[in-house]
Amino acid sequence: MKYTVNEKGFYGKFGGAYIPEMLYPNVEELRTNYLSIIYEPEFQLEFSKLLKDYVGRPTPLYLAHRLSEKYNTRIYLKREDLCHTGAHKINNTIGQILLAKRLGKNKIIAETGAGQHGVATATVCALMGMECTVYMGQLDIERQRPNVERMRILGAQVVPARSGNMTLKDATNEAMRHWINNPSDTHYIIGSVVGPHPYPDMVTRFQSVISEEIKAQLQQAEGNPYPDHVIACVGGGSNAAGAFYHFLEDEHVNLVGAEAAGKGVNSGESAATTALGKTGVLHGSKTLLMQTEDGQVVEPYSISAGLDYPGIGPLHAHLFDTQRVQFLSATDDEAMEAGIELSRTEGIIPAIESAHAIAVLNQLKPDPDDVVVINLSGRGDKDLETYIRWGKY
Amino acid sequence: MSRLKKLFQEKKQNVLSVFYTAGFPKRDDTVSIARHLQAAGADIIEIGIPFSDPVADGPTIQASNKIALDNGMTVKLLLEQVKEIRKSVTMPVVLMGYLNPVLQYGFEKFCNDAAAAGVDGLILPDMPLDEFNEHRALTTSLGLDVIFLISPTTSPERIAVIDGLSSGFVYAVSSSSTTGAKKGFTSEQEEYFRKLKNAGLKNPFLIGFGISDHQTFSKASQFSSGAIVGSAFINLLKESNNFESDIAQFVRSLKA
Ligand SMILES: Cc1ncc(COP(=O)(O)O)c(C=O)c1O
């Protein structure tokens, strides 16, 4: 078990809980209870029932014929885009809302970048009748308008974060501040495998249903549960953690993380954390972080709001450090072109985040007899305005 | 004996610690503000190391961090400013900040350079106790006091652990909140202060967060060795055209 979290909350040298004392009781309450709650039979039953009947799981593993032909290999798409609310994010929010209920919390807060996690949180709050507040960077509010309105329709309050670059990092800061100020009745549903221990491990476990299904579905389709490559985009890294999880110990499966290179890794406008980051501490964990020499966090950039984050989850920092996962990156243009390509070859308009996973096929160059699974983390409805503004189709 | 220990030995009550952000409002104000605080009769100065993502801070200190960084403030520069401060300031100087800038500077190098510059204590609120244990021998050998926070939700067992690891003083956060000036205390807060007073801590403790005026300062001092003022002082600096007289007036009005 080289890649699981240790009892102190670390993956190798990354992870831990770097939090001010004001957050300690909340985080400690979670840490001491999360495993016992998650593995109660009753919890498992309720969780899997909701994933099936409400989210629509298992999501299909679809053999993409025309895309496969184009890249002269065998490509399966794991259709997380078909989840209720349009992305993998809801796997995690269902798990965390059930956990919050059992911890006796009746108020939920969340941060969101693209708005997908915010929508997924607002959705489960509506489902469970809980009060929901979502922090979102002012810039993201402007570029992800439809998701803002979806959250409002679902009854959530969307609060703009106006500090920094006014994107995901700043929304996360605001959510943490809210939690410090409201420690007893509020649960913070973090949207990715980031934050203080136990969040990275907890969110990974909730998302691991993705690779659990891939294994079973490949066994059915190919007579072999192991693909040659699994590709997933990495913002904070939750869809990737879910898609990789059950393959981590199977070292013959090549795992590929696709980061956002923005306008180019060395352009100064990028979110390619493994290429540009150094070990640091942000949002409660020690991880790879884009920062200045003086330890100030650098404002990242990507055309895709969901990848616009200066760090990655500590699990991914460890997977990078141990070279278990190969990290590649795609620029804005490469991702947008891949999004159009998938739309034209398979009739699927992907989220721009997910399009980054498709875009790295060019660099990966799989063999003709390879089986490649691409985690299609979300659908492109929310990105219509960005596609239109980009315009090259 | 460390400057902090000496202070608390000589002064058991009404210790006033004043927090301000390094490099704010102007980059080089760090030094003159320290001098004015000494002249005005403050007891400890706490200088904040600016950080891009101050998650435990409310709007006032967030804004001062941003201005300081825009002014070009760095850890290296701060340590040079402390050297300058030490030429005339004899009171204890404590540096407070988020862990990341310290880690990038290099934790050991930071402790060595801080001690050499004349820093007496460190407050790093997001440094886990476990991680500090790895560095404890170093800070002890350098004579650096390391001060940890407790909050109203910290359990009695944990308070004992934190008190055991801290030296100089313990920083008691007055409420579960981010930093910011508030008006008055609730009866629950007073109950929490009373419990702390009777908890038999080995260290003296100062109450911080929400101390903004004479009333909150003197109330807090009834239960503790004194209190820490931050946001209210930053607000003053933001408005002030004359540090010398305004800081003197501010300290006088707090202690009044
Ligand atoms: C569709 C989609 N994919 C990926 C991400 C990136 O997050 P993560 O790396 O946690 O999967 C987001 C985040 O908003 C998203 O909406």
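No experiment lies behind these values; they were computed from the predicted model shown. (Residues numbered from 1 in each chain as written. Chains lettered and ligands numbered in written order. Predicted model: local features only at pLDDT ≥ 70, side-chain atom pairs only at ≥ 80, totals over all residues. Heavy atoms only, no water.)

*Asks:* Give me the sheet that holds strand β4 (residues 121-123) of chain B: which residues, what numbers.
*Replies:* Residue and element names in this part refer to chain B. What the nine strands build is an open sheet, ordered β5-β4-β3-β2-β1-β9-β8-β7-β6; its pairing is parallel. Two strands bound the open sheet, and with one partner strand each, they are β5 (145-146) and β6 (149-150). Here strand β7 (residues 170-173) runs beside strand β8 (residues 205-208); their pairing, made up of four bridges, is parallel. When the bridges of β8 are listed, Tyr 171 appears paired with Leu 206. The strands that helix α2 (residues 29-40) touches are β1 (15-21) and β2 (44-49); relative to β1, the one it contacts most, it runs at about 165°. Together, β6, β7 and β8 form the strand contacts of helix α9 (residues 187-197), whose direction differs from that of β8 by roughly 165°. (Pairing = 2+ DSSP bridges. Helix = DSSP H or I, 4+ residues; strand = E, 2+ residues; numbered from the N terminus. Contact = heavy atoms within 4.5 Å. Axes fitted to C-alpha atoms, helices over the stretch in contact; angles between N-to-C directions.)

*Asks:* Just give me the short version of the domain arrangement of chain A, but keep the residues and values in it.
*Replies:* Residues and elements named next belong to chain A. Under the domain assignment, chain A is made up of domain 1 (19-50 + 89-203) and domain 2 (56-86 + 208-390). Inspection of the region where domain 1 meets domain 2 yields two salt bridges. Of the charged contacts, one joins Glu 299 and Lys 169 as a salt bridge, the two residues approaching to 3.4 Å between their closest N and O atoms. Summed over the shared surface of domain 1 and domain 2, the number is eleven residue pairs in polar contact (both at pLDDT 80 or more). (Domains from an automatic or database assignment. Salt bridge = Lys/Arg side-chain N within 4 Å of Asp/Glu carboxyl O. Polar contact = N/O pair within 3.5 Å; in protein donor to acceptor, adjacent residues only side chain to side chain.)

*Asks:* Outline a nonpolar patch on the surface, listing residues and values.
*Replies:* Residue and element names in this part refer to chain A. A cluster of nonpolar side chains, contributed by Leu 384, Ile 388 and Tyr 393, occupies part of the molecular surface with about 330 Å² of accessible area. With respect to the helices, strands and loops of the structure, Ile 388 is situated in helix α17 (residues 384-390). When its relative accessible area of 53% is taken as the criterion, Ile 388 is described as exposed. (Patch = residues over 30% accessible without salt bridge, like charges linked within 9 Å, V, L, I, M, F, W, Y side chains within 5 Å. Areas by Shrake-Rupley, 256 points an atom, 1.4 Å probe, with all protein chains shown as cover. Buried < 20%, exposed > 50% of the residue type's maximum accessible area, 1.4 Å probe, protein only.)

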